[in-house]
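Per-entry structural report
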Amino acid sequence: MPSQVATDHVEMAKNFLARSKEYLDEGDLHQASEKGWGAASHMAKAIAAENNWSYEHHDQFDGVIVIVNARQRYRLPKLREYGKAAHILHQNYYQHPSLLNPDTIREDIDDVERLLTVLEPHIAQPSPSQQ
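To start, this report covers the structure provided alongside it. (Residues numbered from 1 in each chain as written. Predicted model: local features only at pLDDT ≥ 70, side-chain atom pairs only at ≥ 80, totals over all residues. Heavy atoms only, no water.)

1. With respect to helix 5 (residues 79–92)
With 14 residues, helix 5 should cover 20 Å at 1.5 Å per step; its first-to-last C-alpha distance of 20 Å lies within 8% of that length. Buried within helix 5 are the following residues: Leu79, Tyr82, Gly83, Ala85, Ala86, Leu89, His90 and Asn92. If you follow the buried residues of helix 5, they end up packed against helix 2 (29–51), helix 3 (61–66), helix 4 (70–74) and helix 6 (102–119). (Helix = DSSP H or I, 4+ residues; strand = E, 2+ residues; numbered from the N terminus. Expected span 1.5 Å × (residues − 1). Buried < 20%, exposed > 50% of the residue type's maximum accessible area, 1.4 Å probe, protein only. Contact = heavy atoms within 4.5 Å.)

Written as structure tokens, this is what we have:
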């Protein structure tokens, strides 16, 4: 059974994902991007909480999700791609509006949704190295 902290982060991830889609539909590309990043970040926090890994800063996202932990332990090869999409969304927040493309942002939000979908089943299960 997942910890309450992990469960809370999963719910926050889903909430941020839904809000990112709403902002995208409204044409607020900066907020859509930032909420997409928030969804990925909270799912990373959920994985970290379940595995007793540290996640206190944005720069730990890759260590938790993409490079070291989840990708190697769960053998989910697309995580690197999904993680890159999350980073791009985070970077979009700081871009001039003329540089943002709603179709590209939609694709990146879709990849973040895939990230949530493939990781959520692992919240309640120990990683293979813990079994």
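After that view of the structure, there is still more to cover.
2. Some thoughts on the nonpolar core
In terms of nonpolar packing, the biggest core is built from 37 residues, with Met43, Ile47, Phe61, Ile65, Leu115 and Leu119 touching the most fellow members. Put simply, the parts of the chain that give this core at least two residues each are helix 1 (4–26), helix 2, helix 3, helix 4, helix 5 and helix 6. Take this core: its biggest share by element is 10 residues, from helix 2. When near neighbours in sequence (up to four residues on either side) are disregarded, Ile47 contacts Trp53, Val64, Ile65, Ala70, Tyr74, Leu119, His122 and Ile123. (Core = buried A, V, L, I, M, F, W, Y, C linked by side-chain atoms within 4.5 Å.)

3. Here's the deal with helix 1
Over its 23 residues, helix 1 runs 33 Å from end to end, which matches the ideal 33 Å to within 8%, given 1.5 Å per residue. Three or more residues of helix 1 are buried, namely Ala6, His9, Val10, Ala13, Leu17, Ser20, Tyr23 and Leu24. Against helix 2 and helix 6 lie the buried residues of helix 1. Looking one or two residues beyond helix 1, the residue adopting positive phi is Gly27, at roughly 85 degrees.

None of the figures reported here should be taken as evidence of function without further support.
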